[in-house]
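Here's the letter readout for the chains.
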Amino acid sequence: MTRRVFVTLTDEQAEQLSWLADHYDCDVTELTHELLIDSIQFCQAQIEAEACEQIRMLMDAPAMGRA
């Protein structure tokens, strides 16, 4: 499934994105797509790491209310 995403950039961000697209000889849309995918994957990895840490903390915590 594909969804259209609209992103608002500052002038500075737009200039940086344009420079990157020129530097890597690619389309701004293509570059934006790749950057969004990288950002999403990074966020997913962060969320997974935090969830794993929370699970470890819960498992390492002394059992409350157990005799």
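Reading guide: rules and limits
Residues numbered from 1 in each chain as written. Predicted model: local features only at pLDDT ≥ 70, side-chain atom pairs only at ≥ 80, totals over all residues. Heavy atoms only, no water. Helix = DSSP H or I, 4+ residues; strand = E, 2+ residues; numbered from the N terminus. Areas by Shrake-Rupley, 256 points an atom, 1.4 Å probe, with all protein chains shown as cover. Lys, Arg positive; Asp, Glu negative; His and termini not counted. Charge placed at Lys NZ, Arg CZ, Asp CG, Glu CD. Salt bridge = Lys/Arg side-chain N within 4 Å of Asp/Glu carboxyl O. Patch = residues over 30% accessible without salt bridge, like charges linked within 9 Å, V, L, I, M, F, W, Y side chains within 5 Å. Buried < 20%, exposed > 50% of the residue type's maximum accessible area, 1.4 Å probe, protein only. Axes fitted to C-alpha atoms, helices over the stretch in contact; angles between N-to-C directions. Parallel < 35°, antiparallel > 145°, perpendicular 65-115°, else oblique. Contact = heavy atoms within 4.5 Å. Nonpolar A, V, L, I, M, F, W, Y, C, P; charged D, E, K, R; others polar.

Undergrad: Any chance you could explain the overall build of the protein here in plain terms?
TA: Scanning the protein for helices and strands turns up two helices and zero strands. By element, 57% of the accessible surface of the protein is carried by carbon and sulfur atoms, the whole surface being about 6,600 Å². Charged side chains in the protein number 4 positive and 13 negative. The centres of these two groups are separated by 19 Å.

Undergrad: Any chance you could explain the pattern of salt bridges here in plain terms?
TA: Between side chains of opposite charge, a pair can form when the charged atoms approach closely. By the definition in use, this model includes one salt bridge. Here E53 and R56 are joined by a salt bridge, their closest N and O atoms 2.7 Å apart. Taken together, the residues span about one helical turn, with E53 and R56 both in helix α2 (residues 28–60) at a distance of three residues.

Undergrad: Which parts of the structure should I look at to understand a nonpolar patch on the surface?
TA: A cluster of nonpolar side chains, namely V5, V7, L9, L36 and I40, defines an oily patch on the protein surface of about 430 Å² accessible area. Looking at where L9 falls in the secondary structure, it is placed in the segment before α1 (11–23). Residue classification places L9 among the partly exposed positions, given a relative accessible area of 40%.

Undergrad: Whenever I open this one, a negative patch on the surface confuses me. Can you help?
TA: A cluster of acidic residues, D27, E30, E34 and D38, forms a negative patch at the surface. Following the sequence through the fold, E34 ends up in helix α2.

Undergrad: Help me understand the packing of α1 against α2, please; the structure alone is not making it clear to me.
TA: Packed helices, taken two at a time, are described by the angle their axes make and the gap between the axes. Relative to each other, α1 and α2 sit at 105°, their axes nearing to 9 Å. The orientation of α1 with respect to α2, classified from their angle, is roughly perpendicular. When α1 is examined against α2, the residues L17, S18, L20 and A21 are found in contact with a partner set consisting of V28, L31, T32 and L35. Classifying every residue of the contact of α1 with α2 by side-chain character gives six nonpolar, two polar and no charged.

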